[in-house]
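# Structural features, examined
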Amino acid sequence: MAYRITLIPGDGIGPEVTAAARRVLEATGLDLEWEVRHAGADRIAETGRILPEDLIESCLDTGVVLKGPLTTPIGGGHGSINVALRRALDLFANYRPVRSLPGVKTRFEDVDLIVVRENSEGLYSGLEHEVVPGVIESQRVITRRASERILGFAFEQARRRGRKKVTAVHKANILKLSDGLFLDVARETAKRYPDIEYEESIVDATAMKLVLDPTRFDVLVMENLFGDIVSDLTAGLVGGLGMAPSANFSDDCAVFEAVHGSAPDIAGKGVANPTAVLFSGCLMLRHLGEAEAADRVRDAVRDVLLEGRHVTRDLGGEASTGEYVEAILRRL
Ligand code: NAI
Ligand code: MG
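Residues numbered from 1 in each chain as written. Chains lettered and ligands numbered in written order. Predicted model: local features only at pLDDT ≥ 70, side-chain atom pairs only at ≥ 80, totals over all residues. Heavy atoms only, no water.

### Concerning the domain arrangement of the protein chain
By the assigned domains, the protein chain splits into domain 1 (1-104 + 240-332) and domain 2 (107-237). Between domain 1 and domain 2, the C-alpha centre-to-centre distance is 24 Å. With 21 residues of domain 1 in contact, the opposing surface of domain 2 contributes 28 residues. The contact between domain 1 and domain 2 buries some 2,000 Å² in all, and 48% of this surface belongs to carbon and sulfur atoms. Inspection of the domain 1/domain 2 interface yields three salt bridges. The shortest N-O distance in the salt bridge between Arg-149 and Asp-90 comes to 2.9 Å. Across the domain 1-domain 2 interface, the total number found is 14 residue pairs in polar contact (both at pLDDT 80 or more). For the side of domain 1 that touches domain 2, the elements supplying multiple residues, two or more each, are helix H4 (81-88), strand E4 (93-99) and strand E11 (245-249). (Domains from an automatic or database assignment. Contact = heavy atoms within 4.5 Å. Buried area = accessible area lost by both parts, 1.4 Å probe. Salt bridge = Lys/Arg side-chain N within 4 Å of Asp/Glu carboxyl O. Polar contact = N/O pair within 3.5 Å; in protein donor to acceptor, adjacent residues only side chain to side chain. Helix = DSSP H or I, 4+ residues; strand = E, 2+ residues; numbered from the N terminus.)

Written out as structure tokens, the structure reads:
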């Protein structure tokens, strides 16, 4: 059976790492039919829209998307295409598994946790205005509906994946109303999952605890901006941004992408680590019911990392993206 997948190469290192992932995923022998759709500054100039219509149509049609990173200009310029896509497709949940890999030298050898990030509201909405010159107001909206969805998702994932504990990460000591609401919903949800341990942790202390001993955590669930920051931290626990995959879910669509961005500092040099987007592709294969193929890819990557002769610079090696991919393909 052929799987139709929308492929968004993205910009910066996006085209390099998605092409690498595509080669490896195709080498599994699965029949993957790619619908390539482009987004980015050029297409905004061409179409006058932040999200080209053909891209949204394809995503809705296939329901399965592998996506490279897209640049968001700092300060001025166009708004985030990534945030617009999450909104357009109602991708309310961001699922970010974090796992140590043998062969990748880090402070800890046994990290195995999942960051669940609310994907639709909070400060990430970018609702800002100038009240008077020199005074800017940013709105952080937290709703019961979005909190119920993300907490329901987190507990459901925990149960389905045989996880033991869910930690609600918050700042309700200061943000008493908004994060207070999030915690109320977390406690209500936890009651429906008596088989899963529930705890609460303030976000700044969580950052410290994660650095001291990440093994004490299992599933962590939090609002949008906290999730953005905490998941870059947890990526650092397992080898950096080149290693961290993610999946965004709505009720009927899934978008798989790396946690990292377009990495303009190394774009076009052929040295980016494609593992994050490749592992996002593995999450995609599991989503499609092809767990065995996903395992084969993961094992091939593991072998190459363990052997250590063909790894990219961010992992202390000297290999180009292409050399690393060739090594994975040989294993596969
Ligand atoms: P970044 O994740 O692109 O880069 C941070 C650092 O990590 C850089 O030093 C980069 O070289 C390194 N890095 C990232 N991915 C790597 C990889 N695969 N292999 C080796 N090294 C890697 O974050 P930054 O610089 O803050 O953002 C750059 C642009 O990406 C911004 O415009 C930002 O808005 C956008 N972005 C897009 C995302 C998306 O499309 N989902 C997510 C995060 C950022
Ligand atoms: Mg981020």
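### Focus: the pattern of salt bridges
A full pass over the atoms with the stated rule returns 32 salt bridges. Between Glu-35 and Arg-37 there is a salt bridge, and its shortest N-O distance comes to 3.6 Å. Residue Arg-298 pairs with Asp-295 through a salt bridge whose shortest N-O separation is 3.4 Å. Here Arg-298 pairs with Asp-295, and both are found in helix H10 (residues 291-307), just three residues apart, close to one helical turn. A relative accessible area of 23% places Arg-298 in the partly exposed class. Several salt bridges share partner residues, and in doing so they unite Arg-4, Glu-35, Arg-37, Arg-43, Glu-46, Asp-54 and Asp-61 into one network. (Buried < 20%, exposed > 50% of the residue type's maximum accessible area, 1.4 Å probe, protein only.)

### Things to note about the packing of aromatic side chains
To describe a pair of aromatic rings, you give the distance between the ring centres and the angle between the ring planes. The full count for this structure, using the stated rule, is five aromatic pairs. Taking 6.1 Å as the distance between ring centres and 90 degrees as the angle between the ring planes, the aromatic pair formed by Phe-249 and Phe-256 counts as edge-to-face. Its relative accessible area of 14% is what places Phe-249 among the buried residues. Taken together, the ring pairs in this structure connect Phe-92, Phe-153, Phe-249 and Phe-256 into an aromatic cluster. The aromatic ring of Tyr-124 is capped on one face by Arg-117, whose charged end is 4.6 Å from the ring centroid. The ring of Phe-217 carries the charged tip of Arg-216 above its face, separated from the ring centre by 4.9 Å. (Phe/Tyr/Trp six-rings, centres within 6.5 Å; stacked < 30°, edge-to-face > 60°. Lys NZ or Arg CZ within 6 Å of the ring centre and 35° of its normal.)

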